[in-house]
Amino acid sequence: MNNEALQQWVEQVSITYFGRPFLHNATFNARLKATGGRYFTRSHNIEISPHQLVAFGHEETEKIIKHELCHYHLHIMKRGYQHRDPDFKTLLAHVGGSRYCQTLPERAQRKQQPFRYKLVCIKCGMEYLRKRKIDPSKYACGKCRGKLKLKVIDNQNAT
């Protein structure tokens, strides 16, 4: 699906569920991985994650479109368009939009990865496990304030 097809889809969903036209731009943004879509208050444009469409299909993506259109229409009508506003919650429930998007499979897998790095204090031997690589020169041991040394853990031999 390309941006033109997405634009038509968003316009059709807007007319069908909200009874109002969508007069701005809707585009895909492949950089959106932790979120399903976003609405820009200044330009009134909407961006949708193509990863959600690939991973979960048209039904879930349409719920994301409804969510972003709730922001859009409420903001245009000068009503409460933020997640915490009762107007937003009511409209979202009325049109059947999703409150949260699903986590992409590759992001869920990354969260379950074991620790890859170990920081070891040179002075007292205290160990700190980390999933991400950090610069040990910027940190000190929380126990004795000693210098830390970074070690890579080989998880493939551990299983």
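Attention here is on the structure that accompanies the text. Quick caveat, the model's predicted, so the values are computed rather than measured.

### Things to note about the sheet that holds strand E2 (residues 37-39)
Then comes step 1: The mixed open sheet is built from three strands, whose spatial order is E1-E3-E2. Lying at the two open borders of the sheet, with one neighbouring strand each, are strand E1 (26-28) and E2. Taking each pair of neighbouring strands and ignoring which way they run, the sheet shows an average axis angle of 15°.
Then comes step 2: Here E2 runs beside strand E3 (residues 46-48); their pairing, made up of three bridges, is antiparallel. Directly across from Gly37, in E3, lies its bridge partner Ile48.
Then comes step 3: Packing against the sheet, helix H1 (residues 3-18) makes contact with E1 and E3, and its axis sits at approximately 135° to E1.
Then comes step 4: Strands in contact with helix H2 (residues 50-76) are E1, E2 and E3; relative to E3, the strand with the most contacts, it is inclined by about 165°.

### Looking at the sheet that holds strand E5 (residues 127-130)
Then comes step 1: With respect to topology, three strands assemble into an open sheet ordered E5-E4-E6, the strand pairing being antiparallel. Each edge of the sheet is formed by a strand with only one pairing partner; in this case those strands are E5 and strand E6 (148-152). Strand-to-strand twist of the sheet, defined as the mean angle between neighbouring strand axes without regard to direction, takes the value 25°.
Then comes step 2: The sheet contact formed by strand E4 (residues 117-121) and E5 spans four bridges and is antiparallel. When the bridges of E5 are listed, Val120 appears paired with Glu127.

### Details of the pattern of salt bridges
Then comes step 1: Under the defined criterion, the tally for this structure stands at five salt bridges.
Then comes step 2: Residues Glu47 and Arg38 are paired through a salt bridge, measuring 2.7 Å at the closest nitrogen-oxygen approach.
Then comes step 3: On the accessibility criterion, Arg38 (33% relative accessible area) is partly exposed.
Then comes step 4: Between Glu60 and Lys63 there is a salt bridge, with its nearest N and O atoms 3.6 Å apart.

### Some words on the nonpolar core
Then comes step 1: Counting residues in each nonpolar core, the largest one holds 22 residues, and the members touching the most others are Leu6, Ile65 and Leu69.
Then comes step 2: Looking at this core, the elements that each hand over two or more residues are H1, E1, E3, H2 and helix H3 (86-95).
Then comes step 3: Residue contacts for Ile65: discarding those within four places in its chain leaves Leu6, Trp9, Val10, Val13 and Ile48.
Then comes step 4: Among the nonpolar cores identified, the runner-up in size contains five residues, and Leu119, Cys121, Tyr128 and Leu148 belong to it.

About the thresholds
Every chain is numbered on its own, with residues counted from 1 as its sequence reads. Local features in a predicted model are, by the rule used here, given only for residues with pLDDT of at least 70; side-chain atom pairs are given and counted only at 80 or more, and totals for whole chains, interfaces and linings are based on all residues. Remark: hydrogens and water are excluded; side-chain values derive from all non-hydrogen atoms of the structure. Two strands make a pair as long as DSSP finds a minimum of two bridges between them. The helix and strand labels rest on DSSP assignments: H or I over at least four residues marks a helix, E over at least two residues marks a strand, and numbering proceeds from the N terminus. Axis angles are defined between N-to-C directions and span 0 to 180 degrees, where every axis is a line fitted to C-alpha atoms and, for a helix, only to the segment in contact. By definition, residues are in contact when any of their heavy atoms lie within 4.5 Å. For this analysis, a salt bridge means a side-chain nitrogen from Lys or Arg found within 4 Å of a carboxyl oxygen belonging to Asp or Glu. Partly exposed describes any residue whose relative accessible area lies between the buried limit of under 20% and the exposed limit of over 50%, with all areas from a 1.4 Å probe on protein chains only and scaled to the type maximum. As used in this record, nonpolar core signifies buried Ala, Val, Leu, Ile, Met, Phe, Trp, Tyr and Cys residues forming a set joined through side-chain atoms within 4.5 Å.

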